[in-house]
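Below are the chains, spelled out letter by letter.
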Amino acid sequence: MVPHVLAVANQKGGVGKTTTTINVGSALAVMGRRVLVVDIDPQANATSGLGVDRSAVETTSYDVMIGGRPIADARISTVVEGLDLVPADLSLAGAEIEMIELPMRERRLALAVEAVDDVDYVLIDCPPSLGLLTVNAAVAAQALLVPIQCEFYALEGLGLLTHTLALLRRELNPGLRIAGIVMTLFDGRLALAHQVVDEVRARFADDLLSPLIPRNVRLSEAPSHGVPVDLYDPTCRGAVAYAELAANLDARLAGQARPVHAGAGVGAGR
């Protein structure tokens, strides 16, 4: 089996990349899909958000990309049945400097992910930058899942997103595409939020996933308990929205050709 490999990426911080990775992954697992989350963010928020003690793990994504360890050595189970994790730790903070001298530095993660053949999805949680870690994710992936916050500065990032995608296609991964754009932190009471959504829809209509992910206190609270929101409060608006979004993403990808390995609306409230 060749999994769908998606890099959850946006060069801007605070847009909901980790929240989207954790909750889409959990929702897919609840649907019966087998999921592997690969955390390559030095902050390791996806690791702690899935209930894993970062200080207790012995092998991480750092060892996979820098040390060349098999990804199976770093793979562990999580609080979600059907969802496994390759954890991260602070060692990744210096990984980009170490990578400069390594052979095939842009393809370290791709080579590791190619060995994964027992899951339906690999979701890679990226840091908020376009450095070598994110480049590795983009080369390993068939497609990007792009969270965009419903605020003014998101509009400024749209042009950069298009430029970055074109650059990655030209230089490293010709088959890279957008699997979907996820509008996050949506507050239906704000006119600006609707304007941002309208602008994104006008420019990326075919790529915009539904529903909009609301600004939701339960989504913010769940990581502190080490569980996805559908385990923390399955009836809250955030959980319901991510469950629907994951189902829509799964249906969209199911309608496309099976991938090959890379390199070869709701308002704010409870």
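Residues numbered from 1 in each chain as written. Predicted model: local features only at pLDDT ≥ 70, side-chain atom pairs only at ≥ 80, totals over all residues. Heavy atoms only, no water.

Caption draft 1: Layout of the overall build of the protein. Each helix and strand counted, the protein has 12 helices and seven strands in total. The C-alpha atoms of the protein give a radius of gyration of 17 Å, which matches the 18 Å a tight globule of 270 residues would have. The principal-axis extent of the C-alpha atoms belonging to the protein is close to 50 × 40 × 35 Å. The burial tally for the protein puts 54% of its 270 residues in the buried class. When the accessible surface of the protein is summed, it comes to about 11,300 Å², and 53% of that surface belongs to carbon and sulfur atoms. Across the protein, 22 positive and 31 negative side-chain charges occur, with their mean positions spaced 5 Å apart. (Helix = DSSP H or I, 4+ residues; strand = E, 2+ residues; numbered from the N terminus. Rg over C-alpha atoms; globule rule 2.2 N^0.38 Å. Buried < 20%, exposed > 50% of the residue type's maximum accessible area, 1.4 Å probe, protein only. Areas by Shrake-Rupley, 256 points an atom, 1.4 Å probe, with all protein chains shown as cover. Lys, Arg positive; Asp, Glu negative; His and termini not counted. Charge placed at Lys NZ, Arg CZ, Asp CG, Glu CD.)

Caption draft 2: Fine view of the pairing of strand β1 (residues 4-8). In terms of burial, β1 is a largely internal element, five of the five residues being buried. Sheet analysis places β1 next to strand β5 (residues 121-125), joined by five bridges and oriented parallel. Across the sheet, His4 pairs through a bridge with Tyr121, a residue of β5. (Pairing = 2+ DSSP bridges.)

Caption draft 3: Main features of the packing of aromatic side chains. According to the stated counting rule, one finds one aromatic pair in the structure shown. Where Phe152 meets Tyr153, the ring centres are 5.6 Å apart and the plane angle is 70 degrees; that geometry is what we call edge-to-face. (Phe/Tyr/Trp six-rings, centres within 6.5 Å; stacked < 30°, edge-to-face > 60°.)

Caption draft 4: Quick peek at a nonpolar patch on the surface. There is a patch of nonpolar side chains on the surface, built from Phe152, Tyr153 and Leu192 and spanning about 310 Å² of accessible area. Locating Leu192 in the fold gives a position in helix α9 (residues 191-203). (Patch = residues over 30% accessible without salt bridge, like charges linked within 9 Å, V, L, I, M, F, W, Y side chains within 5 Å. Salt bridge = Lys/Arg side-chain N within 4 Å of Asp/Glu carboxyl O.)

Caption draft 5: Up close: the side chain of Asp250. Locating Asp250 in the fold gives a position in helix α12 (residues 237-254). Asp250 sits in the buried class, given a relative accessible area of 10%. The contacts of Asp250, once residues within four sequence positions are left out, are Leu28, Met31, Arg33 and Tyr121. (Contact = heavy atoms within 4.5 Å.)

Caption draft 6: Broad picture of the sheet that holds strand β3 (residues 76-77). In space, the seven strands of this open sheet follow the order β3-β4-β2-β5-β1-β6-β7, with mixed pairing throughout. Two strands in the sheet have a free side with no partner beyond their single neighbour: β3 and β7 (177-184). One ladder, built from seven bridges, connects strand β6 (residues 143-149) with β7; its direction is parallel. Bridging from a neighbouring strand, Ile148 pairs with Met183 of β7. Contacting β1, β5, β6 and β7, α12 crosses the sheet at an angle of about 165 degrees to β7. (Axes fitted to C-alpha atoms, helices over the stretch in contact; angles between N-to-C directions.)

Caption draft 7: A look at the pairing of strand β4 (residues 83-86). Here four bridges tie strand β2 (residues 35-39) to β4, and the two strands are oriented parallel to one another. Bridge pairing in β4 places Val35 opposite Leu83. Bridge analysis of β3 against β4 gives two bridges, and the strand direction is antiparallel. What sits directly across from Ile76, in β4, is Leu85. Taking the residues that link successive antiparallel strands as the turn, the β3-β4 hairpin has five residues, and the phi of Gly82 there is positive, at about 90 degrees.

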